[in-house]
Each structure stands twice: as C-alpha cells, then as structure tokens.
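Fold and geometry: a report
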Amino acid sequence: MSVEVNEQKPLSRNKLLGIAGVGWMFDAMDVGILSFIIAALAVDWGLNSSQMGWIGSVNSIGMMVGALVFGLLADKVGRKQIFMWTLILFSVASGLSAFTTTLTLFLILRFFVGMGLGGELPVASTLVSESVKAEERGRVVVLLESFWAAGWLLAAIISYFVIPADFWPIEGWRVALLITAIPAFYAIYIRMKLPDSPQFRVKEESKKRSVFQNIAEVWAKKYARSTVMLWILWFTVVFSYYGMFLWLPSVMVGKGFDLISSFKYVLIMTLAQLPGYFTAAWFIEKFGRKFVLVTYLLGTAASAFVFGGAETITTLLISGMLLSFFNLGAWGALYAYTPEQYPAIVRGTGAGMAAAVGRVGGIFGPLLVGSLLTKGYDISYIFTIFCGAIVIGVLAVIFLGKETKQTELQ
C-alpha cells in the first residue's frame, strides 16, 4: 500500500485523539479479556499453572516481534499504514482463536494477536506525539493511553456477563473472543479518516534509509544513554505489568474467591485506572515526565507489595485499586516519554525497539508466576519480585533519564 496522505487535512487534536484512542481501547479490550479467558480455560481445558503462564507469554512473544517489525516499518511506510495493518492483524487472529479446540492452535493465534498489539501501541503513540503541540503533547498522549482503561472496563464487563453465561453449545469465552474481532471493521474507518503524522510526511529522507541505518542511529552516541534507559524501563514495567495483571483473576481464585466474584472484584479494581490516567495527564505537563514516572512507579511497587500479601477482601480491593491507579498512570507517562527521545527519522524504530525489549519482560513475567506457583511459592513472594523490578526501572529514570517536558520534537 502507498502512503496516501498528502491530500488529507490535519485532524483537530480531539478528533485525532478519538480515532487513535478507540483503536487503543480495542487493544486493551483484547488484552483484558485474555486475563479472564486464561482463568476460564483453566477450568474448561484443565490447564495447570505453567500452561496458563504460556498463554500470556506467547502473547508477549508476538508483541515483541510486532513492536520490532512494525516499529521499523513505521519509519519506512508511515505511522498510519502500520496502525491500520496491526489493527486488522490482531482483530482477525483474535476472532479466529474463538474457534480453536486445542491449546497449541490457541497459542499460535495468540502469537499473531500479540504481533498486532505489539506493533500498534508504540506506532499510535508516535503518531499522536508528532501531531500535537509541544506544550500539550505529554497530556494528549497520556489521555490516549487512558483509552486503555476503557478497553479494560469493556473487557471486564464482557467477561463478567459473557464468559460465565450459557450459550450452549458455544462456551462463553468463545463468544467473548468473537466480540474482540470488531476492530477489523474499525480499521477501514481509520484508513479513510486518519492522516499520517505531519513530521513523517516531510521526512522524505526517511524512506531512503535502510532499517539497519535506523537501528544503528538509535545506538549512536547522542541517543545511546536514552536507549539504555528506555530498554531498562520498558523491560521492568512490562515484566511486572503482565506478571501481575494477567494473573489477577487467577490470583483472586487462588485466594479463595469463585470465578464470577473474581471477575467482579477485578472490574472494581479496573475502575481505578481512569483517575490514574487523568491525574498523570495533569501532572505530566505541570511537573514533568520523570516526576510522573518515578512517583507512579513507586506507588505501583508499594501497592503490589500489599496486594501480594493481602488476606482480606478489603485489603485486596484497596491495594488492587491503588495498583491499577499508579501502574496505568505510569504507563501513560511511559508512552508519552518514549517517542520524545528520538528525532522523527528514527522515532518509530527507537520506540518500537524499546517496546520490543519490554515485551521480552512480558514473556518472562507470566511464565515466572506460573512456574513459581507450580513449585509452591506464595503469591506474596512473587509480587515482591515485581516490586524489586519496578524499583530498578525507577533508578534508570532517575540516573539516566532526561526531562523532555514541552521540548520541540526534531
């Protein structure tokens, strides 16, 4: 496909945010539903903890490949085209996974779902970053990320009402997966309505550069420190996020709550994501990217520590809500901060490579939980590991990160 964008007028900030945000919301809906489906499949297919961990990890393997491949392509063919392709890929693969009857085939399709998800997220944040003014760029990207909470809420609602329901002869989790195929139709709308990044359109030289030149540029002396910082930060954040959040419903079941009650409690916890995003969106232009990342990640670590050791429903709910509040606020800042480290000519490459490294952490996080649970380790011990990982990410931001608040992108 060619990049047919020159005749399109720029969208207003709100329209751009709405179009990109709805795509982001569908991504979150798919990831959120997966965490509930893992718990349901454990019952229907008799999966053990290690097999459950592999479902989340294969998804992250796909996200790693997708972030790298589509990040590189975004600097060659444009942000808009990749945004569309990735939406179609993950939507179709997710819909097809509803018809699987074996774990192996389900895992293969989850790999392709992950590829679409992994490629779309950094590309969408890059497109939005390059399309708004410097003084509001951070806030708009965090607001874009807030659509993730809406997607998780949709996932929780669908999972609560659909997965346990009797659609004989079709299991509820299959119906839930079919619902996630809807974004394939939305991709057509994006193709018609969404212009490409203004910065990409004027960077004709980017189309003449090889992907190897772009990769080398990310590690040039001028950007090497930022690259190291981002890789550490992305790895620790994604490792802890997928290790904790993909297991939330299953952790609740392990603490003695039935599956339906667990879905309900996770839905309540998910509601706390919205104020997390909105406060981060306010603080990010007032106090800066580093302040939001450090503060919200430390809040995540503390909440995870309490959640892992919680024994009462009150403690679980409060610590779980705080975990959602701080962690998703930090994610918003991460997506705002990452594209600002590089010039437009390699921005997709730099953001995609950082996200790909993060997805490596997303592979090991769910596997670690499944492995340690199988060996009999307590969930409080496991969540302490995630706390330590998050602190490492905080230290990387403090000592290696630079403040990019309201700086003009190159």
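Refer to the preceding data block for the structure.
Residues numbered from 1 in each chain as written. Predicted model: local features only at pLDDT ≥ 70, side-chain atom pairs only at ≥ 80, totals over all residues. Heavy atoms only, no water.

Some points on the side chain of T126
Note that T126 resides in helix α4 (residues 103-129). Ignoring any residue separated from it by four or fewer positions in sequence, one finds T126 in contact with R79, P339, R347, G348 and A351. (Helix = DSSP H or I, 4+ residues; strand = E, 2+ residues; numbered from the N terminus. Contact = heavy atoms within 4.5 Å.)

Let's talk about the nonpolar core
Core analysis: the largest hydrophobic core is formed by 124 residues, its most contacted members being I55, W148, W234 and W331. For this core, the leading source of residues is helix α1 (residues 13-44), giving 17 residues. Setting aside its immediate chain neighbours within four residues, I55 contacts L34, I38, L41, L47, L103, F106 and L107. Core analysis: the second largest hydrophobic core is formed by five residues, F70, A74, I82 and V123 among them. (Core = buried A, V, L, I, M, F, W, Y, C linked by side-chain atoms within 4.5 Å. Buried < 20%, exposed > 50% of the residue type's maximum accessible area, 1.4 Å probe, protein only.)

Considering the packing of aromatic side chains
Enumeration over the complete set of coordinates arrives at 23 aromatic pairs. When the centroid spacing of 5.0 Å and the interplanar angle of 85° are considered together, the rings of W219 and W231 count as edge-to-face. Here W219 is found in the loop between α9 (211-218) and α10 (221-245), whereas its partner W231 is found in helix α10, with twelve residues between them in sequence. Judged by relative accessible area, which is 36%, W219 ranks as partly exposed. W231 sits in the partly exposed class, given a relative accessible area of 24%. (Phe/Tyr/Trp six-rings, centres within 6.5 Å; stacked < 30°, edge-to-face > 60°.)

Things to note about a nonpolar patch on the surface
Taken together, I88, V92, L96, F99 and L178 make up a surface patch of nonpolar side chains, about 440 Å² in accessible area. Per-element tally for the nonpolar patch: the top contributor is helix α3 (residues 79-97), with three residues. Structurally, F99 is set in the loop between α3 and α4. (Patch = residues over 30% accessible without salt bridge, like charges linked within 9 Å, V, L, I, M, F, W, Y side chains within 5 Å. Areas by Shrake-Rupley, 256 points an atom, 1.4 Å probe, with all protein chains shown as cover. Salt bridge = Lys/Arg side-chain N within 4 Å of Asp/Glu carboxyl O.)

What about the packing of α4 against helix α16 (residues 344-374)?
Relative to each other, α4 and α16 sit at 145°, their axes nearing to 9 Å. Helix-helix and strand crossings are classified by hand; for α4 and α16 the assignment is right-handed. Residues L121, P122 and T126 of α4 form the contact with α16, whose own contacting residues are R347, G348, A351, G352, A355 and R359. (Axes fitted to C-alpha atoms, helices over the stretch in contact; angles between N-to-C directions. Left-handed = near helix turned anticlockwise from the far one by under 90°.)

Structural notes on the pattern of salt bridges
Across all of its chains, the model carries eight salt bridges by this definition. Taking the shortest distance from any N to any O, the salt bridge between D30 and R110 comes out at 2.7 Å. Of this pair, D30 sits in helix α1 while R110 is found in helix α4, placing the two residues 80 residues apart along the sequence. Each member of the pair D30 and R110 is classed as buried.

Things to note about the side chain of D30
Residue class for D30 comes out buried when judged on its relative accessible area of 1%. A polar atom in the side chain of D30 sits 2.7 Å from the side chain of R110. (Polar contact = N/O pair within 3.5 Å; in protein donor to acceptor, adjacent residues only side chain to side chain.)

Section: helix α2 (residues 49-77)
For α2, spanning 29 residues, the distance from its first C-alpha to its last is 41 Å, which sits close to the expected 42 Å at 1.5 Å a residue. Sitting at the amino-terminal end of α2 is N48, which places a side-chain oxygen 2.8 Å from the backbone nitrogen of Q51. Looking one or two residues past α2, G78 carries a phi angle of roughly 115°, positive in sign. (Expected span 1.5 Å × (residues − 1).)

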